[in-house]
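Next come the chains, spelled out residue by residue.
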Amino acid sequence: AQSVSQHNHHVILSEAASLELGCNYSYGGTVNLFWYVQYPGQHLQLLLKYFSGDPLVKGIKGFEAEFIKSKFSFNLRKPSVQWSDTAEYFCAVTLGNAGNMLTFGGGTRLMVKP
Amino acid sequence: DTGVSQNPRHKITKRGQNVTFRCDPISEHNRLYWYRQTLGQGPEFLTYFQNEAQLEKSRLLSDRFSAERPKGSFSTLEIQRTEQGDSAMYLCASSSEGRTEAFFGQGTRLTVV
């Protein structure tokens with residue numbers, strides 16, 4: 001079965017610092033990749049997704065992620081974080097066209113200090 | 001507002017009682033998913049419907065759990081004889097067919113005392 005690993009469980013940054021959150025998955029076939037964000041007290045929201053094509057994907061709020069197939073990675077980046085980016089971030093995958101069932105990583109809790 | 005609605009938002013129940021949660025997906029979505037999220041973990045897949053057909057069930061879905069989507073619209077998730085280990089956030093999501101993203105509701109937080 002596929003699995004998703006997020007290496008950083010908690011990250012604390014100051015405003016304007018750069019962010020990179022790691023995500024690795026274990027599955028050799030075609031995958032679709034997602035980053036979801038959960039702001040305090042809110043539902044999961046999609047930040048960005050990768051299905052095919054350009055491996056550098058741009059999402060909302062200045063986030064981007066790069067799919068590196070050889071490393072089974074899909075790391076999330078933002079050049080300059082804001083206090084409002086304080087949230088929990090989840091990497092997730094689905095397999096090919098298999099029903100869109102998501103396998104999530106354990107999440108990374110990001111705190112941005114003003 | 002994502003358009004996926006879940007009720008109730010919170011449920012506190014005594015161990016051994018039955019509980020039922022409801023999910024109303026985005027109206028044009030034919031796929032509906034249930035996930036469970038415990039504190040400090042990512043959501044875990046429970047089950048998936050395409051229209052009214054339940055196509056996939058996780059091993060996490062013990063025989064005390066049952067889900068239905070009788071008319072291919074809303075769905076219910078019932079937990080019988082609740083246990084303390086059932087305490088979690090139960091999330092519903094919906095999507096259209098094909099390679100698209102899922103949209104999540106705000107979840108139902110279950111506390112079993």
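Just above sits the structure.
Quick caveat, the model's predicted, so the values are computed rather than measured.

### Comments concerning the nonpolar core
Judged by nonpolar contacts, the single largest core of 29 residues is most densely connected at A:Leu33, A:Trp35, A:Leu47, A:Leu48, A:Phe74, A:Leu76 and A:Tyr89. At the level of elements, β2 (10–14), β3 (19–21), β5 (31–38), β6 (44–50), β8 (64–68), β9 (73–78), β10 (87–95) and β12 (108–113) of chain A are the ones that each hand at least two residues to this core. The element that contributes the greatest number of residues to this core is β10(A), accounting for five residues. Not counting residues up to four positions away in its chain, the partners in contact with A:Leu33 are A:Tyr25, A:Leu48, A:Lys49, A:Tyr50, A:Phe67, A:Phe74, A:Ala92 and A:Val93. Formed by 19 residues, the second largest nonpolar core is a distinct cluster that contains B:Val4, B:Phe49, B:Leu110 and B:Val112.

### Some details on the interface of chain B and chain A
Contacts between the two partners involve 23 residues from chain B and, on the opposite side, 22 residues from chain A. Across the contact surface, chain B and chain A share one salt bridge. The partner of B:Glu101 in a salt bridge is A:Lys49, with the nearest N and O atoms 2.7 Å apart. Residue assignment for the side of chain B that touches chain A shows that the elements contributing at least two residues are β4 (31–37), β5 (44–50) and β9 (88–95) of chain B. Counting residues per element, the side of chain B that touches chain A draws most heavily on β4(B), which supplies four residues. Class assignment for the residues of the side of chain B that touches chain A results in eight nonpolar, 11 polar and four charged.

### So, the pairing of β12(A)
Residue and element names in this part refer to chain A. Residue alternation in β12 divides its side chains into a buried set, Thr108, Leu110 and Val112, and an unburied set, Arg109, Met111 and Lys113. Pairing of β2 with β12 involves five bridges; the strand directions are parallel. Bridging from a neighbouring strand, Ser14 pairs with Lys113 of β12. Sheet topology places β10 next to β12; three bridges connect them, and they run antiparallel. Looking at β12, one finds that Glu88 is bridged to Arg109.

### Observations concerning the pattern of salt bridges
Inspection of every chain in the model, using the stated rule, returns nine salt bridges over all chains. What you see here is one network of salt bridges that share partners, running through A:Lys58, A:Glu64, A:Glu66 and A:Arg77.

### A look at the environment of A:Leu102
You can see A:Leu102 is positioned in the loop between β10 and β11 (103–104). Sequence separation between A:Leu102 and A:Ser84 is 18 residues; the distance between their C-alpha atoms is 26 Å. Every residue in contact with A:Leu102, bar those within four places of it in the chain, is listed here: A:Phe34, A:Tyr36, A:Ala92, A:Val93, A:Thr94, B:Tyr35, B:Phe45, B:Ala102 and B:Phe104.

### Quick look at the state of the cysteines
Under the definition given, this model contains two disulfides over all chains. Covalent S-S linkage joins A:Cys23 and A:Cys91, the inter-sulfur distance amounting to 1.9 Å. Negative torsions about the S-S bond denote left-handed disulfides, and the value of about -65° found for A:Cys23 with A:Cys91 makes this one left-handed. Here the residue A:Cys23 occupies a position in the loop between β3 and β4 (24–26), and A:Cys91 occupies one in strand β10, the gap between them amounting to 68 residues. On the basis of relative accessible area, A:Cys91 is assigned to the buried category, the value being 0%. The residue that forms a disulfide with B:Cys23 is B:Cys92, at a sulfur-sulfur distance of 1.8 Å. Taking the sign of the torsion about the S-S bond as the criterion, the disulfide between B:Cys23 and B:Cys92, at about -70°, is left-handed.

### What about unusual backbone geometry?
Trans peptide bonds make up the majority, and among non-glycine residues the majority have a negative phi. Along the chain, B:Asn7 connects to B:Pro8 via a cis peptide bond; the corresponding omega equals -10°. On the secondary structure map, B:Pro8 appears in the loop between β1 (5–7) and β2 (10–13). One non-glycine residue, A:Ala16, lies in the positive phi region at around 80°. Mapping A:Ala16 onto the fold places it in the loop between β2 and β3.

### Structural notes on the pairing of strand β11 (residues 108–112) of chain B
Two faces make up the sheet, and in a regular strand the side chains alternate between them. All names here are of chain B. Across the two faces of β11 the burial differs, with Thr108, Leu110 and Val112 buried and Arg109 and Thr111 not buried at all. Here β2 pairs with β11 via four bridges, running parallel. Within β11, the residue paired with Thr13 across the bridge is Val112. Across three bridges, β9 lies against β11 in antiparallel orientation.

Parameters at a glance
- Residues numbered from 1 in each chain as written.
- Chains lettered and ligands numbered in written order.
- Predicted model: local features only at pLDDT ≥ 70, side-chain atom pairs only at ≥ 80, totals over all residues.
- Heavy atoms only, no water.
- Core = buried A, V, L, I, M, F, W, Y, C linked by side-chain atoms within 4.5 Å.
- Buried < 20%, exposed > 50% of the residue type's maximum accessible area, 1.4 Å probe, protein only.
- Helix = DSSP H or I, 4+ residues; strand = E, 2+ residues; numbered from the N terminus.
- Contact = heavy atoms within 4.5 Å.
- Salt bridge = Lys/Arg side-chain N within 4 Å of Asp/Glu carboxyl O.
- Nonpolar A, V, L, I, M, F, W, Y, C, P; charged D, E, K, R; others polar.
- Pairing = 2+ DSSP bridges.
- Disulfide = S-S within 2.5 Å.

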